[in-house]
Amino acid sequence: VRDDGYVKVLDFGLARLVPTGMDPEAATLQCTQPGTLLGSVAYMSPEQARGESVSHASDIFSLGVVFYEMATGQHPFGTDSLLGTLNAIDTQVPVAPSRLNPEIPSAIEFLILQMLEKDARLRPTAAEVAMSGAEIGGNPHGGESSGPVLRPRTRHTVGREKAHGELRQALASAIAGKGLLACVPGEPGMGKTTLVEDFLSDLRAGSQACIIARGRCSERLAGTEAYLPWLEALDSLLRRSDGKSLMPLLSGESMTQITKRLAPTWYARAMPLHPDDSSAERLLAERAASQERMKREFGALLEEVSERRPLVLFFDDLHWADVSTIDLLAYLASKFDSMRVLIIATYRPSDMLLAKHPFLQVKPDLQSRGACREIELEFLSRSEIEKYLALEFPEHRFPAELPALIHSRTEGNPLFIADLVRYLRHREVIAEENGRWVLAQSLPSIESDLPESVRGMIERKIAQLSEDDRRLLVAASVQGYEFDSAIVAKAIELDPADVEERLEVLEHVYSLVRFVNEREFPGRVLTLRYRFVHVLYQNALYASLRPTRRAQLSKTIAEALLGCYGKQSATVASELAFLFEAARDWSRAAEYYLIAANSASEVFGLQEAGVLAQRGLDMLRLLPEATDCAGQELKLQTMLGQSLMVVKGFALAEVEQAFLRARELSLQLNEIPQLFRAQFSLAIVYVVRAEYRRALDHGEQCLRLAEKSRNQTMLTQSHWVIALSKCYLGEFAAARDHFEQTIAVHDAAGIDSPASMYGAVLSRAHLSRMLLFLGYPDQSREVMDVALAKAKGMRMPVAVANTLAVAAYLEAFHRRGQKTMEIAAAMARTADEHGLPYYAAIATLMRGWALAMQNDEEEGVALIRRGLASSLAIGTRQQHGYFLTLLAEALNQAGRVEEGSEAIREGMDVAERANEPFYDAELNRLKGDALLKAGAASPSEAESCFQRAIEIARQQQARSFELRAAMSLARLWQQQGRREEGRAMLADIYGWFTEGFDTPDLKDARVLLDELTEDRNL
C-alpha cells in the first residue's frame, strides 16, 4: 500500500495502481483492461505487447520467460531496444533452450516452450505447470511417469560445420552491402531445410539484428502460381493486423507504410483492403501494373528495408518455383550491390533437371557475376553418425558396429538416420539401463528387423500411427505438403480443437509434421497451418489412398476450402483446380483453372497462365460429349492463345489453332466481342507469318464487326491491323491513312482501355515509319517521340518492346549505329524481363547491325545470324527480307562482298515468296550496289537494278527509297560521264522534299548534287 492510498498490483510484466478499497474482481478487471502498456517490457506476453486484453495465460508466458533465463542465462527475446523486444515477443520463435545449454532435459525444454506459445490458448494452466514441474522433478530426463507429459527430442545436427560457415560468410557479405543468393542443393533427406533453420535460429539468438522472412514453393502449385514464395514472404513481413509489422524501422515508419509507399501493387495483392481504406481505389488500380513495374517496386522495397536492417529471405524447395518467381529473383540479383539482402534457397537438382527448370538458365549467369554461391551438402560419414549417436545418447554403450549398420541402411541420408534411430528407440531396441543407453538386442537380430530401404523406413514410421492419426494425416496429404487443421477437421468431420491437439502430438512425439503458423481464413475461421516434415511422407500417405477414396477426400477438402475462403476463393484457385481434378469433377476443375489462369495473367505470369489454361482444356476433354461447355472452352482457348503468343511466339501453329477454335466457338455462341478477339488475334498471327493477304482479310472482317457493334476500341484495333497488313504489302499511303484513323478514333473517344491504348501507341510508332518512307522525316521523328513517351507510361511490356523495335528500325534507316545500339539494348531488357522471344530476336538482330556499323563486323554478323535463327525458330517470317538486308550491309562492311550479295538474293527470294514488297525498292538498290562492288557484272545490270528500285519506289510513293535509288544511279552515271542526266534526275526528287534536310540521306544528296553541278560548270 502506497502513501497515496493506492495499492500496487504486481504480475509478471504487469504493474497497475488501483484504489485500496476496490473489490478484488474490479481490481483484476482494471489490471487487465486492453490498450495500455505498463510494466517490465522484457516480461510481457504477446497480447500485452499488442495492447490487447490479458488473462492468467499472460502470467504463464512471463513465468516462461523467467524459466528460460534460468535455464539458458539469456532472455528469449532480448534486443537492443524496447520496441525491438516488443516486436520479438510478438513475432519471433525463441531458440530452443537446449541449443544454448545442451544439459537441459528435454521435458523441461518442452514445458518452457509450451509456456512461451504466442497463442494464449495453447499455453498450459498454472495447475498444469505445477503438475509438470512435479513430474519433471521426479524424473528430469523424461522417463515414464504417471502423467502424459510430451517430450520432444532435441534436434542434433552433425557434419554441417562447413556449410554453416559458408552461410555465415554469405550473411557477412550481405551485411557489408553485397547482397547474395546462397543456394543449398541436395536430394530428399539431405537436411537442406534443417541446415537453414538451424542457421536462422542461431541468427535470432545472436547479436546481429536481421529481418527474417520465408516464402514457400508448393509442389502442387509448381509452375502455376505466379510469385507465390515472394507473396508468402511479404505476407510474413506484413502479418500484424495492426499495421505495425515486425518493426518500426529506424525512421519510425512501419513495414506496412513502407510497402504501401514503395510497392503498392504488392501491398494490394498481399493484404486484403478494407472499404474504409483511403488508398483502396488507388491500390486496386495498381493491380494492373506491368510485370516490369512489379519488379521495380519489389526491388525498391528491398533496397529501403535492407538499408535500415539486413534482410534474410528463405525460399525452401525452389525446384517448385514458378517462372515469374525466378524472373524476379534474377532481377533482384542484378541489384545486389545496392542491397543488404541474403536470399537462401534450397532445391533438389534432379527435380530441376527433369523439369528443365528456368532457374538452371539463370544460375550460371548469377554465379559468373558473383551474385550466387552454392553450398554443397554431403551424405554423413560413419564417423559423423558416431558423433550423432553420442549427442543423442550421452555416455552410451553401443557396439562399435552400430554406426556402420546405420550407415549401410541409410547411405548417410540425415533424415533417415534420424528416423531409423527414432524407430529403434520406439521399438525399445535402444533402451536406458542404470542411467546408460544400451542395445537391448544383439546386432544380428537388430539387422534382421531393420527396414531394407528409405521407403521401408517411411512405411514403418507411418505404421506406428493409430488408425485415427493415420486417417487425419491421409486427409492432410490430400490438401498438400502444407495443410490447415480447420480444413482437415471438416474433411474428416472432427472437432477442430481435437484435430489441433492430435497434430501437436504428431509433431512432438512422432515428428511427422511441423507447425508453420496460425492464421484466419477470409470467412473468419481460425486454423493452424502445418507442413509434413518431408514431402516423402506426404507422398507416401497420399499414395496409400485408393482411387475412389482419394476422389472423395479431394472433393471434400475442396468444398471445405470454398467454405473458408468464400468470395475470396479466387486466391486459392490453383489449389481448388487441382483438388477438383483429383476429385474427377472435370467441369469445376476447368472453372478454377480458368480463374487461376486469369489471376496469373493479371501479374504477367503468362507462362503460368498458359499452363493453367491447357490444364483446363484437358479437363473439358474428359467431360461427356453432350456436356455444354462451349463457353468455358472459349475463354480457355483465348487465354491459351494469348499466353502462347507472348511466351512462345506469335506465329506458332498452336497459337493459330487456339484462335481458330475460339473463332468457331464464338460463332457458335454468337459472342461478338470474343469473335472479334479471335479474328484480330488471327490477323496478328498471319502478319507475323508474313501471310499479309490473309491478315488483311481478317482485319477487314474485324472492321465490319467493329462498325456493326459501334465499339470504338474494336475500331482502333481493326484500323491498326489493316494498316499493318497494308504496310508490308507496300501500300504505304493506305497504311498511313489507317494508322491515322486508329489514332483519331482513340483520341476523339478518349478511350482508356488497354487494347485501344495499345493500338493507338503502336499506330503512332508505325505511322512514323510510313511518314519516313513517304518522305516526311521530320514528321516521322515527331510522331515517334510521342509514341515512345506514351509507351513508357503504359503497363504493357509488348507495347514497349514493339515501339522500341520500330524506333530501332528508324535509327538504322538513318545509319545511326550508336543510337540503334542503345534502343536495341532497351528492347532486349524488356524482352528478357518479360519473356518475349519475338522481340528478343529483333533486339539481337538490331544490335548485331549496330555493332557491324561501328567496326565490330564479325561479332555483328554473328549476332544477326543468331537473331535470324531465333526468329525463324518461333515461326516468324515477317520482315525477313528486310532483316537479310541488314545482314548484307554487315557483310559488306566486313568486306565479305560475295556473302553480302548472296544475302541480298535470298532476301529478294523471300520477299517474292511471301508477297512482302514493302522493302523491294531497297533490295533492288542494294543488289545494284553489290554488283558494282563485286565487279562481276556489267554496269548495265546494276543500272537496271537502280531503275527497277526507282520504279517500285514511285509506285509505292516511297520518296525516301526513291531518293536513295536516285543517288545510286546518279553516282553510276557520274562515273560513266552522264553527269547532267544524273544531276537532273537527282535534283527532281531532291526538290520534292520540304523537310528533313538534316538527315543523312538528304545531306548526302545535297553533297552529290553539288558535285554534279560543279562537274557541269567545269
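Small disclaimer: the values here were computed from a predicted structure and weren't measured.

(A) Seen up close, the overall build of the chain. Looking only at helices and strands, the chain has 49 helices and 12 strands in total. Here the chain holds 1018 residues, and 54% of them are scored as buried. In the chain, the share of contacts with a sequence separation of at least 24, taken over all contacts with a separation of at least 6, comes to 66%. Carbon and sulfur atoms provide 50% of the accessible area of the chain, an area that totals close to 43,300 Å².

(B) Quick peek at the confidence of the model for the chain. In the predicted model, the chain carries a mean pLDDT of 83, and the fraction of residues at 70 or more is 87%. Low pLDDT (under 50) marks residues 1-22, which in the prediction has 53 contacts with non-local residues, meaning those over four places away or in another chain. A low-confidence stretch, residues 240-250 (pLDDT under 50), is modelled with 31 contacts involving residues beyond four sequence positions or located in other chains.

(C) Looking closely at the packing of aromatic side chains. Per the counting criterion, the structure on display carries 36 aromatic pairs. With centroids separated by 5.6 Å and ring planes inclined at 90°, the aromatic side chains of F578 and Y593 adopt a geometry described as edge-to-face. In this pair, F578 sits in helix 28 (residues 573-582) while Y593 sits in helix 29 (residues 586-602), placing the two residues 15 residues apart along the sequence. Its relative accessible area of 0% is what places Y593 among the buried residues. Judged by centre distance (5.6 Å) and plane angle (80°), the rings of Y809 and Y882 are edge-to-face. Pair noted here: Y809 is in helix 39 (residues 797-813) and Y882 is in helix 43 (residues 880-893), with a separation of 73 residues, a long-range link. By the burial criterion, Y809 is buried, and Y882 matches it.

(D) Quick look at helix 46 (residues 939-956). Taking 1.5 Å as the rise per residue, helix 46 with 18 residues should run 26 Å; its terminal C-alpha atoms sit 26 Å apart, in good agreement. Where helix 46 ends, the next residue or the one after it, Q957, has phi of about 60°, a positive value.

(E) Fine view of the environment of R764. Relative to the elements of secondary structure, R764 occurs in helix 37 (residues 754-774). Judged by its relative accessible area of 11%, R764 is buried. Spatially, the C-alpha atom of R764 lies 9.8 Å from that of R736, the residues being 28 residues apart in sequence.

(F) Representation of the sheet that holds strand 10 (residues 482-484). Strand order in the open sheet formed by 3 strands is 10-12-11, and the pairing between neighbours is antiparallel. At either end of the open sheet lies a strand with only one pairing partner, and these are strand 10 and strand 11 (513-520). Looking at each pair of strands side by side, their axes are set apart by 25° on average, direction ignored. Pairing geometry for strand 10 and strand 12 (residues 526-532), over 3 bridges, is antiparallel. Within strand 12, the position partnered with F483 by the bridge is Y530.

(G) A look at the pattern of salt bridges. All chains considered together, the criterion is met by 49 salt bridges. Here R123 ties to E47 by a salt bridge, and the two come within 2.9 Å at their closest N and O atoms. Of this pair, R123 sits in the loop between helix 6 (106-115) and helix 7 (126-138) while E47 sits in helix 2 (residues 46-49), and the two are 76 residues apart along the sequence.

(H) Representation of helix 44 (residues 897-914) within the structure. Relative to the 26 Å expected for 18 residues at 1.5 Å per residue, helix 44 spans 26 Å between its end C-alpha atoms, a close match to the ideal helical length. For helix 44, the set of buried residues is G900, S901, A903, I904, G907, V910 and A911. Where helix 44 is buried, its residues meet helix 43 and helix 45 (920-934). After helix 44 finishes, the residue N915 shows a positive phi value of roughly 55°.

(I) Up close: the packing of helix 33 (residues 672-688) against helix 34 (residues 692-709). At a closest axis distance of 8 Å, the pairing of helix 33 and helix 34 adopts a crossing angle of 155°. The angle between helix 33 and helix 34 falls in the class roughly antiparallel. Considering how the two elements wind past one another, helix 33 and helix 34 form a crossing that is left-handed. Between helix 33, through I672, L675, F676, Q679, F680, L682, A683, Y686 and V687, and helix 34, the contact on the second element is made entirely by Y692, R694, A695, H698, G699, Q701, C702, L705, A706 and S709. Here the contact of helix 33 with helix 34 is composed, by residue class, of 13 nonpolar, 5 polar and 1 charged.

(J) Just the environment of I344, in detail. By secondary structure assignment, the location of I344 is in strand 6 (residues 341-347). Distance in space between the C-alpha atoms of I344 and E374 is 9.9 Å, their sequence separation being 30 residues. In contact with I344, other than residues within four places in its own chain, are L167, A182, V184, V196, F199, V312, L313, F314 and F315.

(K) Region of the structure containing the nonpolar core. In terms of nonpolar packing, the biggest core is built from 228 residues, with L181, W230, L318 and Y839 touching the most fellow members. Looking at this core, the element that brings in the most residues is helix 39, giving 13 residues. Sequence-distant contacts of L181, defined by excluding residues within four places in its chain, comprise L329, F336, I343, A345, F359, L366, A371, C372 and R373.

(L) View of the sheet that holds strand 3 (residues 180-185). With parallel pairing, 5 strands are arranged side by side in an open sheet as 4-5-6-3-7. Both edges of this open sheet fall to strand 4 (211-216) and strand 7 (372-374), since each of them pairs with a single strand only. Ignoring which end each strand starts from, the neighbouring axes of this sheet average 20° apart. Looking at chain direction, strand 3 and strand 7 are connected through 3 bridges and run parallel. Following the sheet pairing, A182 is matched in strand 7 by R373. Sitting on the sheet, helix 14 (residues 291-308) is in contact with strand 4, strand 5 (311-316) and strand 6, with an inclination near 125° to strand 5.

(M) Fine view of the packing of helix 23 (residues 467-479) against helix 24 (residues 485-492). Two elements in contact, helix 23 and helix 24, have axes separated by 9 Å at closest approach and are oriented at 115°. You can see that helix 23 and helix 24 cross each other, and the crossing is right-handed. Across the interface between the two elements, R471, L472, A475, A476 and Q479 from helix 23 touch I487, V488 and I492 from helix 24. Per-class residue counts for the contact of helix 23 with helix 24 are 6 nonpolar, 1 polar and 1 charged.

(N) Here's a closer look at the pairing of strand 12. With 6 of its 7 residues buried, strand 12 lies for the most part within the structure. Relative to strand 12, strand 11 is paired through 7 bridges, and the arrangement is antiparallel. Counterpart to R514 in the pairing with strand 12 is R531. Where strand 11 hands over to strand 12, the hairpin turn is made up of 5 residues, of which R524 adopts a positive phi near 70°.

(O) Examining the side chain of Q674 more closely. With respect to the secondary-structure elements, Q674 resides in helix 33. Q674 gets classed as buried once you look at its relative accessible area, which sits at 17%.

(P) Structural view of the state of the cysteines. Evaluation of the coordinates by the stated rule reveals 0 disulfides. Looking at C372, it has no disulfide partner, and the nearest cysteine sulfur is the one in C183, 3.6 Å off.

Analysis parameters
Residues numbered from 1 in each chain as written. Predicted model: local features only at pLDDT ≥ 70, side-chain atom pairs only at ≥ 80, totals over all residues. Heavy atoms only, no water. Helix = DSSP H or I, 4+ residues; strand = E, 2+ residues; numbered from the N terminus. Buried < 20%, exposed > 50% of the residue type's maximum accessible area, 1.4 Å probe, protein only. Contact = heavy atoms within 4.5 Å. Areas by Shrake-Rupley, 256 points an atom, 1.4 Å probe, with all protein chains shown as cover. pLDDT = per-residue confidence, 0-100. Phe/Tyr/Trp six-rings, centres within 6.5 Å; stacked < 30°, edge-to-face > 60°. Expected span 1.5 Å × (residues − 1). Pairing = 2+ DSSP bridges. Axes fitted to C-alpha atoms, helices over the stretch in contact; angles between N-to-C directions. Salt bridge = Lys/Arg side-chain N within 4 Å of Asp/Glu carboxyl O. Parallel < 35°, antiparallel > 145°, perpendicular 65-115°, else oblique. Left-handed = near helix turned anticlockwise from the far one by under 90°. Nonpolar A, V, L, I, M, F, W, Y, C, P; charged D, E, K, R; others polar. Core = buried A, V, L, I, M, F, W, Y, C linked by side-chain atoms within 4.5 Å. Disulfide = S-S within 2.5 Å.

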